[in-house]
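# Structure at a glance
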Amino acid sequence: KQEVTQIPAALSVPEGENLVLNCSFTDSAIYNLQWFRQDPGKGLTSLLLIQSSQREQTSGRLNASLDKSSGRSTLYIAASQPGDSATYLCAAPRGSGGSNYKLTFGKGTLLTVNP
Amino acid sequence: EPEVTQTPSHQVTQMGQEVILRCVPISNHLYFYWYRQILGQKVEFLVSFYNNEISEKSEIFDDQFSVERPDGSNFTLKIRSTKLEDSAMYFCASSDPRLQETQYFGPGTRLLVL
């Protein structure tokens with residue numbers, strides 16, 4: 001059974017700072033890992049999907065890395081802005097022996113970027 | 001850009017009533033999902049649907065739940081007899097595994113059972 005953990009649970013930074021959000025997963029036999037953003041009371045916006053064959057994926061100021069052997073992924077946000085304030089969720093599909101399409105989510109990191 | 005849509009955005013119902021949550025997935029996608037998020041908790045998988053049948057379901061998805069793709073565009077989740085503990089945000093998602101398997105989520109339906 002896949003378990004996903006995210007640390008820290010909450011993070012508050014001043015505007016302009018670079019930051020790293022961490023995600024760990026227990027079953028490393030995954031094909032990909034997805035990062036989402038969730039604004040309060042809203043849906044999930046897909047930010048990045050990293051295939052298991054990739055080590056990094058970049059979109060604008062966001063960079064996600066994946067290390068399957070250690071069961072870890074990080075989301076790096078450069079030059080943070082107040083508009084980046086949201087909850088960031090990491091989701092991994094089930095690994096060995098199961099569907100690639102059922103996502104298991106972490107509880108998220110609540111990011112606050114202060115102007 | 002294509003997106004997943006869901007209706008209604010909010011639904012209030014009495015315990016024991018039936019509710020139907022509706023979703024329109026992205027048009028060329030082949031896999032459809034329902035997830036839910038109880039307030040303050042993790043997003044949880046409920047069910048996946050492919051080729052007009054359930055491909056996987058969680059232990060949450062008991063006999064009170066059913067899914068249907070009644071036509072070529074809609075995907076519905078029915079809860080037959082709602083319980084207080086069904087109160088949650090319900091998310092529909094879709095994906096095209098021929099591409100990168102990214103799951104695209106709708107904005108959610110907030111269900112409140114009184």
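So, here's what we can say about the structure. (Residues numbered from 1 in each chain as written. Chains lettered and ligands numbered in written order. Predicted model: local features only at pLDDT ≥ 70, side-chain atom pairs only at ≥ 80, totals over all residues. Heavy atoms only, no water.)

### Some details on the sheet that holds strand β3 (residues 19–24) of chain B
All names here are of chain B. If you trace the four strands from one edge of the open sheet to the other, you get β1-β3-β8-β7, paired in antiparallel fashion. Pairing within the sheet leaves two strands with one partner each, and these edge strands are β1 (5–7) and β7 (65–68). Between one strand and the next, the sheet's axes are offset by a mean angle of 20°, whatever the strand orientation. In terms of strand pairing, β1 meets β3 through three bridges, oriented antiparallel. Paired with T7 across the strands is R22, a residue of β3. (Pairing = 2+ DSSP bridges. Helix = DSSP H or I, 4+ residues; strand = E, 2+ residues; numbered from the N terminus. Axes fitted to C-alpha atoms, helices over the stretch in contact; angles between N-to-C directions.)

### Digging into the pattern of salt bridges
All names here are of chain A. For the coordinates displayed, the defined rule picks out four salt bridges over all chains. We note a salt bridge from K1 to E3, for which the minimum N-O separation is 3.9 Å. Taking relative accessible area as the criterion, K1 reaches 82% and is therefore assigned exposed. With its nearest N and O atoms 3.0 Å apart, the salt bridge here joins D39 to R37. (Salt bridge = Lys/Arg side-chain N within 4 Å of Asp/Glu carboxyl O. Buried < 20%, exposed > 50% of the residue type's maximum accessible area, 1.4 Å probe, protein only.)

### Digging into the nonpolar core
Formed by 23 residues in total, the largest nonpolar core has its most connected members in B:W34, B:L46, B:F61, B:V67, B:F75, B:L77 and B:Y90. Broken down by secondary-structure element, the contributors of at least two residues to this core are β3, β4 (31–37), β5 (43–50), β7, β8 (75–79), β9 (88–95) and β11 (109–113) of chain B. For B:L46, the contacting residues outside a window of four places in its chain are B:W34, B:Y35, B:R36, B:E56, B:K57, B:S58, B:I60, B:F61, B:L77 and B:Y90. Grouped together as the second largest cluster of nonpolar side chains are 22 residues, A:C23, A:F25, A:A64 and A:L111 included. (Core = buried A, V, L, I, M, F, W, Y, C linked by side-chain atoms within 4.5 Å. Contact = heavy atoms within 4.5 Å.)

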